There are 2 protein chains.
Amino acid sequence: MNKIEPQNVKGFRDLLPSNAYRKNEIVSIIRRVYESYGFLPVETPGLEYLEILLGEYGEENTKQIFRFKSPEEQEVALRFDLTVPLARIVAQYNDLPKPFKRYQVGPVWRADKPDPGRFREFTQFDADAVGTSSQVAEAEVIGAVVTALRQIGVGDFVVNINSRKVLNAVVRYSGIPAGRAKDVFRVLDKLNKVGLENVELELTKGRRDVSGDFIPGLGLTDKNVRKIKDYLALPKGERKKVLEEISGLLGQDSCDDLARLDGYLDALGLESSIVSFDPTIARGLDYYTGPVFEVNLKDKPQFGSVAGGGRYDNLVKRFTDTDIPAVGFSIGVDRLLAAMDDGGEETNFTDVVVTIMDPDKLDEYLRIANELRGAGVRTDLYLGQEKGLRKQLQYADRVSARFAIIMGSDEIQKGVVTIKDLKAGESVSKDSAQREEWLKKSRQIQREIPRRELVPEVLKLISQK
Amino acid sequence: MNKIEPQNVKGFRDLLPSNAYRKNEIVSIIRRVYESYGFLPVETPGLEYLEILLGEYGEENTKQIFRFKSPEEQEVALRFDLTVPLARIVAQYNDLPKPFKRYQVGPVWRADKPDPGRFREFTQFDADAVGTSSQVAEAEVIGAVVTALRQIGVGDFVVNINSRKVLNAVVRYSGIPAGRAKDVFRVLDKLNKVGLENVELELTKGRRDVSGDFIPGLGLTDKNVRKIKDYLALPKGERKKVLEEISGLLGQDSCDDLARLDGYLDALGLESSIVSFDPTIARGLDYYTGPVFEVNLKDKPQFGSVAGGGRYDNLVKRFTDTDIPAVGFSIGVDRLLAAMDDGGEETNFTDVVVTIMDPDKLDEYLRIANELRGAGVRTDLYLGQEKGLRKQLQYADRVSARFAIIMGSDEIQKGVVTIKDLKAGESVSKDSAQREEWLKKSRQIQREIPRRELVPEVLKLISQK
């Protein structure tokens, strides 16, 4: 029989235990923080009717959607974000709290050209406040994301903020027709990735990208571009200083929402070093209408933004006549995971592996496992064919267990059991030959105790860790 | 502008906060229990190449798959379970622990005809042990599921077990060609749902279902069916008794795996009242080769099985020449959630809502929210337009908050704050007019305290709850 090649669909990938475990940890920290900020959970399906997702979206965005026919021959598609489904449910259910603060975590799909580190399925963790035009809502979602990222321990990061109101004023100031504004924002959004020179080409006559494909330009005049460059040259960072500069160039009206937000951020104790204003931030999505934000890692700029969001006051209008202002912030969980994957820290999935020294005594090993699990110890029972201790200890190592329980028929008869510490000395050195030496030595660390003392002894050892 | 109708794709649904919150709780209990049993997490994508999922599956199953073309014009599909993707990753990655005990939770999709309570997207939570032919593995996955369901508190349930080895012996005993065995199992799997009479029709000449569609029969003879009915009439329940009866009818060889499993279940202290043998259990999936199990709720049989699984020793062979035996158990999280939805117990999402009595003092309210969150209190800050207290307290009720914090400009000046208990007296009566009365009265329960005592006081109140 012909074997089927075991492989992922192009642009998709698996998370094996170490990464899946760390992702769970990240997700549960964010969940706890978002709940502490009063966001309520919802879940929406992976599939939506295509028209729900498309709305006023342009051709460029529709190409990124996985679309197909339902069994009823209707056009359906995999969701590409969690924001449009939120707008749908706000319009669909009348009995939600108003304002509605919700969080949602789940996969989204984009039929992008896959790159190394850029996948077609990735997990977003969003917090949004719908039905409020107050900039306190911006301060709340920013505060929630800052708290979550701090607790995750992602290292130094900064939330960079700008406003579409400012950017609209820039478009006016530069003499560009308002109808071109969204095209301009999409180009400006690439600034950090492709640099000012390429942005300038895309604003004017177009350019070829690295693979030789031609990216058409917007056809703006040199005068238009000069004004945009004046604006982009404004300082970034210190919020009050940036407000002053923007105000000077574009008028105070352009940044009144940012000014209010600045005050609320002060009240939350969030300083410019962690939440700063940055005139170059634009965000690519069409639906933003007010402040926009993104999070960048100070020491790892190559990962791009690990979170992004902003105010979108018109999205719910796609589904209902009511005007429902909203603001949200989305954490890219996979990018965060990738950025934190420094090859260090081994994860301890399991506390104890119970080895099988005498296959005729399986009942006794099952009882031991049962007792340990009942006491809250993460306990694996060796299920393989290997009869030797060495191979079973290799298995214990492979599942990152901390201790092995060893007991042959003699020990069972005598009522004793051996606990072997598999990780003692590991903290000494992480990656040297010296560590190997240490490990060998530390593997000697084992102790025989009475069988009846096993559970309390293991609990003690684990808590010492 | 034409509005787009906000609606779900046929057969799909949303989980609003109360259900989403309870689902999170169920998932995190199962996760903790599976980890305590030494299962390691993995994640696989929602999409797989179609050939990965199809394998030797028959036409009946392929109809249930959502399939479409990737941007590279390859045939892809949404996964319909988590077991086939597991078989793929075991064949794809050489460096997994052997045996490999993994858990995975996630949505799966089936293009079934949607029924009330039967959805096209649902969440499975699977635990599998791959690379072990020992029946200890069966005992382990059963023990894990029993522990998880007990901790979730789903009420009385029973794990019903049979074996494909027994069922194959039934097919031989009944004089049915071995090649028809899987067809017979698929029909037997419907026994609990459609009854013996309809099963008999499907085994012979076929029948019309409730909607009038004709279900073709397998064309077995009356003699074949009489023998099957002899077998189905065997007692169920008490494991040792059932083993004896099966052994008497079909020979001891047919149930040697069940006999070994029985011994391990004894060692784990799992009695027949919670894990029983049932000759009528068949399971519908083709890939099972040994013991099969399902979980039924004693008081809620209408929900069908809330978990199912079994041994599948040939599935990995689809992808590799190596013979890799495996066993797994899958919990249907959504069905469990539905079965537990008795309309009772209100969920407390939020501890405290900070009301806005003076919009000019937003900074102070933000600081209060910040302090409470920092102390671990789940705190919502009112973001709506309503200025009156009554409307803001209605909001607090709507998000199931326990307490409201009330402070106007006078109180801010005086350095005091009021804590209002929104739920006092609720335990008295759940659904009567009396409760309304109580609530009104209890809403009076509020206390003014010095501002500096707010955080410790709230912490004390929450811990008393």
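Residues numbered from 1 in each chain as written. Chains lettered and ligands numbered in written order. Predicted model: local features only at pLDDT ≥ 70, side-chain atom pairs only at ≥ 80, totals over all residues.

A. Up close: the overall build of chain A. Scanning chain A for helices and strands turns up 18 helices and 18 strands. Its C-alpha atoms put chain A at 90 × 55 × 50 Å along the principal axes. Within chain A, buried positions represent 47% of all 465 residues. Residue pairs at least 24 apart in sequence account for 68% of intrachain contacts in chain A once pairs closer than 6 positions are excluded. (Helix = DSSP H or I, 4+ residues; strand = E, 2+ residues; numbered from the N terminus. Buried ≥ 20, exposed ≤ 12 C-beta atoms within 10 Å, placed from the backbone. Contact = placed C-beta atoms within 7 Å.)

B. Main features of the relation of the copies chain B and chain A. Least-squares fitting of chain B to chain A yields an RMSD of 0.0 Å, with the transformation described by 0.0 Å of translation along the axis and a rotation of 180 degrees. In the structure described here, the two chain copies are related by an operation that fits a two-fold rotation axis. Residues of chain B ranked by C-alpha distance from the rotation axis are headed by Phe-68 of chain B, positioned 3.0 Å from it. A high fraction, 100%, of the interface residues of chain B reappear at the interface in chain A, so the copies pair face to face through one surface. (Least-squares fit on C-alpha atoms with pLDDT ≥ 70 in both.)

C. Geometry of helix 14 (residues 362-374) of chain B. For helix 14 of chain B, with 13 residues, the first-to-last C-alpha span of 18 Å sits near the 18 Å given by 1.5 Å per residue. Following helix 14 of chain B by one or two positions, Gly-376 of chain B has its phi on the positive side, about 90 degrees. (Expected span 1.5 Å × (residues − 1).)

D. Broad picture of the sheet that holds strand 7 (residues 157-163) of chain A. Residues and elements named next belong to chain A. On the basis of which strands lie adjacent, the open sheet formed by eight strands has the order 1-5-6-13-12-11-7-10 and mixed pairing. The two strands at the open ends of the sheet, each matched to only one other strand, are strand 1 (40-41) and strand 10 (275-277). When strand 7 meets strand 11 (residues 291-297), the two strands line up antiparallel, connected through seven bridges. Counterpart to Asn-162 in the pairing with strand 11 is Val-292. Against the sheet, helix 1 (residues 17-36) engages strand 5 (100-109), strand 6 (121-130) and strand 13 (326-332), with an angle of about 5 degrees to strand 6. Against the sheet, helix 4 (residues 83-92) engages strand 5, strand 6 and strand 13, with an angle of about 40 degrees to strand 6. (Pairing = 2+ DSSP bridges. Axes fitted to C-alpha atoms, helices over the stretch in contact; angles between N-to-C directions.)

E. Representation of the nonpolar core in the model. Of all hydrophobic cores here, the largest spans 134 residues; its most connected members are Val-145 of chain A together with Ile-405 of chain B. The greatest single-element share of this core, amounting to eleven residues, is contributed by helix 5 (residues 135-152) of chain A. Sequence-distant contacts of Ile-405 of chain B, that is, excluding residues within four places in its chain, are made with Val-352, Val-354, Thr-355, Ile-368, Val-417 and Ile-419 of chain B. Of all hydrophobic cores here, the second largest spans 133 residues; its members include Leu-393 and Ile-405 of chain A together with Phe-66 and Ile-161 of chain B. (Core = buried A, V, L, I, M, F, W, Y, C linked by C-beta atoms within 7 Å.)

F. How the structure looks around the domain arrangement of chain A. In terms of domain boundaries, chain A breaks down into domain 1 (17-340) and domain 2 (350-464). Each of domain 1 of chain A and domain 2 of chain A has a C-alpha centre, and the two are 49 Å apart. (Domains from an automatic or database assignment.)

G. Layout of unusual backbone geometry. Look at the link from Lys-98 of chain A to Pro-99 of chain A: it is a cis peptide, with omega at -5 degrees. Along the polypeptide, Pro-99 of chain A turns up in the loop between helix 4 and strand 5. Not every positive phi belongs to a glycine, and Glu-73 of chain A is a case in point at roughly 65 degrees. Structurally, Glu-73 of chain A can be placed in the loop between strand 3 (67-69) and strand 4 (75-78). Classification of Glu-73 of chain A as exposed rests on a count of 6 C-beta atoms within 10 Å. The backbone phi angle of Ser-400 of chain B is positive, close to 55 degrees, even though this residue is not glycine. Positionally, Ser-400 of chain B belongs in the loop between helix 15 (389-398) and strand 16 (401-406).

H. Region of the structure containing the sheet that holds strand 1 (residues 40-41) of chain B. Residue and element names in this part refer to chain B. One open sheet accounts for eight strands, arranged 1-5-6-13-12-11-7-10; its pairing is mixed. Every other strand in the sheet has two partners, leaving strand 1 and strand 10 (275-277) as the edge strands with one partner each. As judged from the seven bridges shared by strand 6 (residues 121-130) and strand 13 (residues 326-332), these two strands associate in the antiparallel manner. Its bridge partner being in strand 13, Val-130 is matched across the sheet by Ala-326.

I. Representation of the environment of Glu-453 of chain A within the structure. Mapping Glu-453 of chain A onto the fold places it in the loop between strand 18 (446-450) and helix 18 (454-464). Through-space distance from the C-alpha of Glu-453 of chain A to that of Val-416 of chain A is 9.0 Å; in sequence the pair is 37 residues apart.

J. Layout of the packing of helix 11 (residues 239-250) of chain A against helix 12 (residues 256-267) of chain A. Residue and element names in this part refer to chain A. At a closest axis distance of 11 Å, the pairing of helix 11 and helix 12 adopts a crossing angle of 165 degrees. As the angle between them shows, helix 11 and helix 12 are arranged roughly antiparallel. In the packing of helix 11 onto helix 12, the handedness of the crossing is left-handed. Two secondary-structure elements touch here, helix 11 through Arg-239, Lys-240 and Leu-243 and helix 12 through Leu-258, Ala-259 and Asp-262. Residue composition of the contact of helix 11 with helix 12, by class: three nonpolar, no polar and three charged. (Parallel < 35°, antiparallel > 145°, perpendicular 65-115°, else oblique. Left-handed = near helix turned anticlockwise from the far one by under 90°. Nonpolar A, V, L, I, M, F, W, Y, C, P; charged D, E, K, R; others polar.)

K. Region of the structure containing the environment of Val-84 of chain A. Residues and elements named next belong to chain A. Here Val-84 is to be found in helix 4. On the basis of neighbour count, Val-84 is assigned to the buried category, with 23 C-beta atoms found within 10 Å. As a C-alpha pair, Val-84 and Asp-189 span 105 residues in sequence and 21 Å in three-dimensional space. With sequence-adjacent residues up to four places away left out, Val-84 is seen in contact with Ile-52 and Leu-53.

L. Summary view of the pairing of strand 7 (residues 157-163) of chain B. Residue and element names in this part refer to chain B. With six of seven residues buried, strand 7 lies mostly within the body of the structure. Where strand 7 lies against strand 10, three bridges are found, and the strand directions are parallel. Looking at strand 10, one finds that Asn-160 is bridged to Ser-276.

M. Inspection of the environment of Pro-6 of chain A at higher detail. Inspection of the secondary structure puts Pro-6 of chain A in the segment before helix 1. Setting aside its immediate chain neighbours within four residues, Pro-6 of chain A contacts Arg-88, Ala-91, Gln-92 and Phe-319 of chain B.

N. A look at the packing of helix 1 of chain A against helix 5 of chain A. Residues and elements named next belong to chain A. Closest axis-to-axis distance for the helix 1/helix 5 pair is 9 Å, and the angle between their directions is 140 degrees. Overall, the two elements helix 1 and helix 5 adopt an arrangement that is oblique. Regarding helix 1 and helix 5, the two cross each other, and that crossing is right-handed. Across the interface between the two elements, Ile-26, Ile-29, Ile-30, Val-33 and Tyr-34 from helix 1 touch Ala-144, Thr-147, Ala-148, Gln-151 and Ile-152 from helix 5. When its residues are assigned to classes, the contact of helix 1 with helix 5 shows eight nonpolar, two polar and no charged.

O. Layout of helix 6 (residues 164-173) of chain A. All names here are of chain A. Residues Arg-164, Val-166, Leu-167, Val-170 and Val-171 constitute the buried set of helix 6. Along the axis of helix 6, the buried positions cluster into a sector of 155 degrees, meaning they face one direction only. Residues of helix 6 that are buried in the fold lie against strand 7, helix 7 (181-188), helix 10 (222-232), helix 11, helix 12 and strand 11. Of the residues trailing helix 6, Gly-175 is marked for its positive phi of about 75 degrees. (Arc of directions from axis to C-beta.)

P. Quick peek at the confidence of the model for chain A. Confidence along chain A averages 91 in pLDDT terms, with 92% of residues attaining 70 or more. Scoring of the predicted complex yields 0.92 for pTM and 0.91 for ipTM. (pLDDT = per-residue confidence, 0-100.)

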